[in-house]
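Residues per chain, in single letters:
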Amino acid sequence: EAVRLFSKRRSGDAEALVKISRGMDRPGKMGTVLFFVLPLILDSIFHKAAPKIFGPNMFGMFQKRGMGFKQIQRKKRLDRAMQMVCFGAAFT
């Protein structure tokens, strides 16, 4: 019973962790730059500029206590959307 309950509670986090991992692990040099290095750099820049709005990079989020992988995934999606809005506003 405990295993079933644990699995039920943590299945969302497990799914989110797999998606996060696969999202950062793209083949080729361009995949590495576009989907791993660039997001880390952008996250660092935006977090330094507006820490109350933007979260730290993915690895910084992993170190936060009490935050599950599903929450991290949602926060990073929101951060990406807000970053795109900032870029859109800057280039129009």
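The structure contained in this document is the topic of the report that follows. Small disclaimer: the values here were computed from a predicted structure and weren't measured.

Remarks on the overall build of the chain
So, step 1. When helices and strands are counted, the chain shows four helices and zero strands.
So, step 2. Along the chain, helices (α) and strands (β) appear in the sequence α-α-α-α when read from the amino end.
So, step 3. By its C-alpha atoms, the chain is 55 × 35 × 20 Å across when sized along the principal axes.
So, step 4. Counting over 92 residues, the chain shows a buried share of 23%.
So, step 5. Summarising the internal contacts of the chain: among those between residues at least 6 apart in sequence, 46% fall at separations of at least 24.

Quick notes on the side chain of Asp79
So, step 1. Residue position: Asp79 is located in helix α4 (residues 69–90).
So, step 2. Take Asp79: its relative accessible area is 0%, and that puts it in the buried class.
So, step 3. In this structure, Asp79 is in contact with Ile53, Phe54 and Gly55, ignoring residues within four places of it in sequence.

Considering helix α2 (residues 28–49)
So, step 1. In this model, α2 (22 residues) spans 31 Å end to end at C-alpha, consistent with the 32 Å of a helix rising 1.5 Å per residue.
So, step 2. At Leu38, α2 shows its maximal kink, close to 35 degrees; a proline, Pro39, follows between one and four residues later.
So, step 3. Every buried residue of α2 is accounted for by Gly31, Pro39, Leu40, Leu42, Asp43 and Phe46.

Some words on α4
So, step 1. Here α4 is 22 residues long and its end C-alpha atoms lie 31 Å apart, about the 32 Å a rise of 1.5 Å per residue gives.
So, step 2. Taken residue by residue, α4 has Ile72, Gln73, Lys76, Asp79 and Gln83 as its buried positions. Seen from one end, α4 has its buried residues packed into an arc of 125 degrees, which puts them on one side. Those residues of α4 that are exposed and angled more than 90 degrees off the buried face are Arg74, Arg77, Val85 and Ala89.

Comments concerning the pattern of salt bridges
So, step 1. Considering all chains together, one arrives at seven salt bridges under this definition.
So, step 2. The salt bridge involving Glu15 is made with Lys19; its shortest N-O contact spans 3.2 Å. One end of the pair is Glu15 and the other is Lys19, both in helix α1 (residues 2–24) and four residues apart, which spans about a single turn.
So, step 3. In this structure Glu15 comes out as partly exposed when scored by relative accessible area, which is 43%.
So, step 4. Between Lys76 and Asp79 there is a salt bridge whose closest N-O contact spans 2.9 Å. With Lys76 and Asp79 both in helix α4, this residue pair falls three residues apart, about one helical turn. We note that Lys76, like Asp79, is buried.

Examining a nonpolar patch on the surface
So, step 1. On the surface, a nonpolar cluster with roughly 370 Å² of combined accessible area is contributed by Met30, Leu34, Phe35 and Leu38.
So, step 2. Positionally, Leu34 belongs in helix α2.
So, step 3. For Leu34, a relative accessible area of 42% translates into the label partly exposed.

Rules used throughout
- Residues numbered from 1 in each chain as written.
- Predicted model: local features only at pLDDT ≥ 70, side-chain atom pairs only at ≥ 80, totals over all residues.
- Heavy atoms only, no water.
- Helix = DSSP H or I, 4+ residues; strand = E, 2+ residues; numbered from the N terminus.
- Buried < 20%, exposed > 50% of the residue type's maximum accessible area, 1.4 Å probe, protein only.
- Contact = heavy atoms within 4.5 Å.
- Expected span 1.5 Å × (residues − 1).
- Bend = angle between axes of the 7 residues up to and from the residue.
- Arc of directions from axis to C-beta.
- Salt bridge = Lys/Arg side-chain N within 4 Å of Asp/Glu carboxyl O.
- Patch = residues over 30% accessible without salt bridge, like charges linked within 9 Å, V, L, I, M, F, W, Y side chains within 5 Å.
- Areas by Shrake-Rupley, 256 points an atom, 1.4 Å probe, with all protein chains shown as cover.

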